[in-house]
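The lines below spell out each chain.
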Amino acid sequence: QLVESGGGLVQAGGSLRLSCAASRRTFSMYGAGWFRQAPGKEREFVAAINWSGGNTAYADSVKGRFTISRDNAKNTVYLQMNSLKPEDTAVYYCAAGSITKNAANYDYWGQGTQVTVSS
């Protein structure tokens, strides 16, 4: 089970940190990713990280602004989001089981957390 937290309402230019806590200790063995879905749009890849944290990937739209990281001792993956833009507004989902940009490759999903960026 994956549980996201940290979403909310923030002004453009602000920051938020999302957390994704896993209930299983084996979470540390899996790659993990963040996806987002805005109203009326398809779910899109945001960032991914391998099991050790030594390999990361980002969507071009967030590169340089967002940072994915993990703390395997806490079974938690984070997404630090800086310089937020209104177009970052979406429901953000945590996923585990892969490190690719394809959502179909992930086996486990959280329920999502809403991020709203006001202009």
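Placed above this text is the structure.
Calculation rules
Residues numbered from 1 in each chain as written. Predicted model: local features only at pLDDT ≥ 70, side-chain atom pairs only at ≥ 80, totals over all residues. Heavy atoms only, no water. Phe/Tyr/Trp six-rings, centres within 6.5 Å; stacked < 30°, edge-to-face > 60°. Helix = DSSP H or I, 4+ residues; strand = E, 2+ residues; numbered from the N terminus. Buried < 20%, exposed > 50% of the residue type's maximum accessible area, 1.4 Å probe, protein only.

Engineer: Just to check I follow, could you spell out the packing of aromatic side chains for this structure?
Structural biologist: Centre-to-centre distance and the angle between the planes together describe a pair of aromatic rings. The full count for this structure, using the stated rule, is five aromatic pairs. Between Phe35 and Tyr106, the aromatic rings sit 5.1 Å apart at their centres with planes inclined by 80°, giving edge-to-face as the arrangement. Of the two residues, Phe35 sits in strand E4 (residues 32–37) while Tyr106 sits in the loop between strand E9 (90–96) and strand E10 (108–109), which places them 71 residues apart along the sequence. With relative accessibility at 4%, the residue Tyr106 sits in the buried group. Between Phe35 and Trp109 the ring centres are 5.2 Å apart and the planes differ by 55°, which places this aromatic pair in the tilted class. With a gap of 74 residues between them, Phe35 in strand E4 and Trp109 in strand E10 connect regions that are remote in the sequence. Relative accessible area serves as the criterion here: at 28%, Trp109 is assigned to the partly exposed category. Cluster of aromatic residues (ring-pair linked, three or more members): Phe35, Phe45, Tyr106 and Trp109.

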